[in-house]
Amino acid sequence: MAALGWLTPRRRSATARSVLAGEASAEAARKSSEEAQETARTDAEEPVFPVIGDTSAAAFFDLDNTVMQGAAIFHFGRGLYKRKFFETRDLARFAWQQAWFRLAGVEDPEHMQDARDSALSIVKGHRVVELQTIGEEIYDEYMADRIWPGTRALAQAHLDAGQKVWLVTAAPVEIATVIARRLGLTGALGTVAESVDGIYTGRLVGEPLHGPAKAEAVRALASAEGLDLARCAAYSDSHNDIPMLSLVGHPYAINPDAKLRKHAREKDWRLRDYRTGRKAARVGIPAAAGVGAVAGGTAAAIALSRRRR
């Protein structure tokens, strides 16, 4: 039996560091248990949202970096380049703008304006129906795999509750409509490019649907649809959309930039961050969205790993 003595754990006196480690572990476990109980109590107290059957409510989602990774206009530009709509030097500019957007995570007005001007000059003289058809193809090629699962789950929760869901974006309304339809959403509000007899003129109708213009579009649609904005929800990543978020009773900051995160915390708005799968704040979000956040973070990590190889 002596030969098996090595199998028997030796008794050692606990050192001060061992005692400290044990006490710290026990305290952490106790706090974790208390937090879990508090979470359960709070969840039970919070009303279910969105409310099923509340047809006076609707949801409005920003597109770029909220529903989809990156900017739709840049992905659209890639697709047009593939179809020989413009030259390599133009693609380089699109690529740089997209890279900056993804790294910074915010909308730079000059970059966005440059992208819009480029897109308008590119589509000038083309038929609207042609761009709509191409938009379907570009969605499959560059956009479908860039939808954030967590945000998609939030939109689905509203649809499941019987509410309408719209995209609200500075992207061309034709592209926004394609994305909304592919995601099963109600429709889209987007920037309108002027066309005469079905052919693009290279000019906009009014201005890009950006910042305060988004809020005005939501206000107009809500009036036409008979919606109660106090019961509606809005989702965005950008501080530029604070006017739209402030318009509704249920504002959400999704993948927020620094300014929006600060504003949301000051206003006690709900926050969600799907860029890493971490939970920015636990407030009134459907459980399915949490699963989507993890899935979104995992997908992003896999994509990053593949790009580094």
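See the structure shown above.
Each chain carries its own residue numbering, running from 1 in the written order of its sequence. Per-residue local features of the predicted model are confined to residues with pLDDT of at least 70, and side-chain atom pairs are confined, for both listing and counting, to 80 or more; whole-chain, interface and lining totals are unaffected and use all residues. The basis for the side-chain values is all heavy atoms of the structure; hydrogens and waters are excluded.

1. Remarks on the sheet that holds strand β8 (residues 270-272)
Here is step 1: Here 6 strands make up an open sheet; going across it, the order is β3-β2-β1-β6-β7-β8 and the pairing parallel. Every interior strand has two partners, whereas the edge strands, β3 (187-191) and β8, have only one. Recorded for the sheet is a direction-independent mean angle of 20° between the axes of neighbouring strands.
Here is step 2: Strands qualify as paired when DSSP identifies two bridges or more between them. Put simply, DSSP H or I for four residues or longer makes a helix, DSSP E for two residues or longer makes a strand, and each gets a number counted from the N terminus. In terms of strand pairing, strand β2 (residues 164-172) meets β3 through 4 bridges, oriented parallel. Bridging across to β3, Leu167 finds its partner in Ala188.
Here is step 3: Across the sheet, helix α8 (residues 212-225) is in contact with β1 (58-61), β2 and β3; its angle to β2 comes to roughly 145°. To get an axis, a line is fitted to the C-alpha atoms, and for a helix only the part in contact is used. The angle between two axes follows their N-to-C directions and goes from 0 to 180 degrees. Should any heavy atoms of two residues lie within 4.5 Å, those residues are considered in contact.

2. Considerations on the packing of helix α5 (residues 128-143) against helix α7 (residues 173-182)
Here is step 1: Running from amino to carboxyl end, α5 crosses α7 at an angle of 50°, the nearest separation of the two axes being 9 Å. When the axes of α5 and α7 are compared, the pair comes out oblique. Handedness of the α5/α7 crossing: right-handed. For the pair α5 and α7, contact is made by Val128, Gln132, Gly135, Glu136, Tyr139, Asp140 and Met143 and by Glu174, Ile175, Val178, Ile179, Arg181 and Arg182, respectively.
Here is step 2: When the residues that make up the contact of α5 with α7 are grouped by side-chain class, the tally is 6 nonpolar, 2 polar and 5 charged. An angle counts as roughly parallel when it lies under 35 degrees, as roughly antiparallel when it exceeds 145, as roughly perpendicular when it falls between 65 and 115, and as oblique in every other case. The crossing is said to be left-handed when, going from far helix to near helix, the turn is anticlockwise and less than a right angle, and right-handed when the turn is clockwise. Here the nonpolar group is Ala, Val, Leu, Ile, Met, Phe, Trp, Tyr, Cys and Pro; Asp, Glu, Lys and Arg are the charged ones; every other residue, Gly included, is treated as polar.

3. Points about helix α10 (residues 258-267)
Here is step 1: Those residues of α10 that sit buried are Leu260, Arg261, His263 and Ala264. Each buried residue of α10 lies within a common arc of 165° when the element is viewed along its axis, so the set occupies one face. More than 90 degrees from the buried face of α10, the exposed residues found are Ala258, Lys259, Lys262, Arg265 and Glu266.
Here is step 2: Packing partners of the buried residues in α10 comprise β6 (233-236), α9 (242-247), β7 (250-254) and β8.
Here is step 3: Polar contact is the term for a pair of N or O atoms within 3.5 Å; when the atoms are in protein, one must be able to donate a hydrogen and the other to accept it, and sequence-neighboring residues count only if both atoms are side-chain atoms. A distance of 3.3 Å separates the backbone nitrogen of Lys259 from a side-chain oxygen at the start of α10, and that oxygen is part of Asp257.
Here is step 4: Positive phi appears at Asp268, one or two residues downstream of α10, with a value of about 60°. Burial classes: relative accessible area under 20% of the type maximum marks a residue as buried, over 50% as exposed, and values in between as partly exposed (1.4 Å probe, protein chains only). This arc is built from the directions going out from the helix axis to the C-beta atoms.

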